[in-house]
Amino acid sequence: AAFIGLFDLIIPAPAIQALGEGEREAGDLGWTKFGPDPETSKEAFDKKRVSELMNGRLAMMAIGGIATQTVITGHGFPYV
């Protein structure tokens, strides 16, 4: 758990600081090795950004459904 906390403090800090100073756009962490490079293909990068946004929204809806099911049925984890 301590390693995860240390990771959360060290790795995203420069990206958050750069976002606050206007040096980068939200969602651009500079990790282009595994996805489209924004400088070579802006359309592919925008498509990937939209797909990640939709995936995040779907995940939030799923968590809301789990919480609603828990309240309505009165059963907690493991949600069976």
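Residues numbered from 1 in each chain as written. Predicted model: local features only at pLDDT ≥ 70, side-chain atom pairs only at ≥ 80, totals over all residues. Heavy atoms only, no water.

(A) A look at the overall build of the protein chain. Across its full length, the protein chain carries 3 helices and 0 strands. The helix and strand sequence of the protein chain, counted from the amino end, reads α-α-α. Counting across all 80 residues of the protein chain, residues that qualify as buried make up 5%. Carbon and sulfur atoms provide 68% of the accessible area of the protein chain, an area that totals close to 6,900 Å². (Helix = DSSP H or I, 4+ residues; strand = E, 2+ residues; numbered from the N terminus. Buried < 20%, exposed > 50% of the residue type's maximum accessible area, 1.4 Å probe, protein only. Areas by Shrake-Rupley, 256 points an atom, 1.4 Å probe, with all protein chains shown as cover.)

(B) Local environment of a nonpolar patch on the surface. A cluster of nonpolar side chains, namely Phe3, Ile4, Leu6, Phe7, Leu9, Ile10 and Ile11, defines an oily patch on the protein surface of about 760 Å² accessible area. Structurally, isoleucine 11 can be placed in the loop between helix H1 (2–10) and helix H2 (13–20). (Patch = residues over 30% accessible without salt bridge, like charges linked within 9 Å, V, L, I, M, F, W, Y side chains within 5 Å. Salt bridge = Lys/Arg side-chain N within 4 Å of Asp/Glu carboxyl O.)

(C) Here's a closer look at helix H3 (residues 42–73). Helix length check: H3 (32 residues) gives 47 Å between terminal C-alpha atoms against 46 Å at 1.5 Å per residue, within 8%. One or two positions beyond H3, positive phi appears at glycine 74, with a value near 80°. (Expected span 1.5 Å × (residues − 1).)

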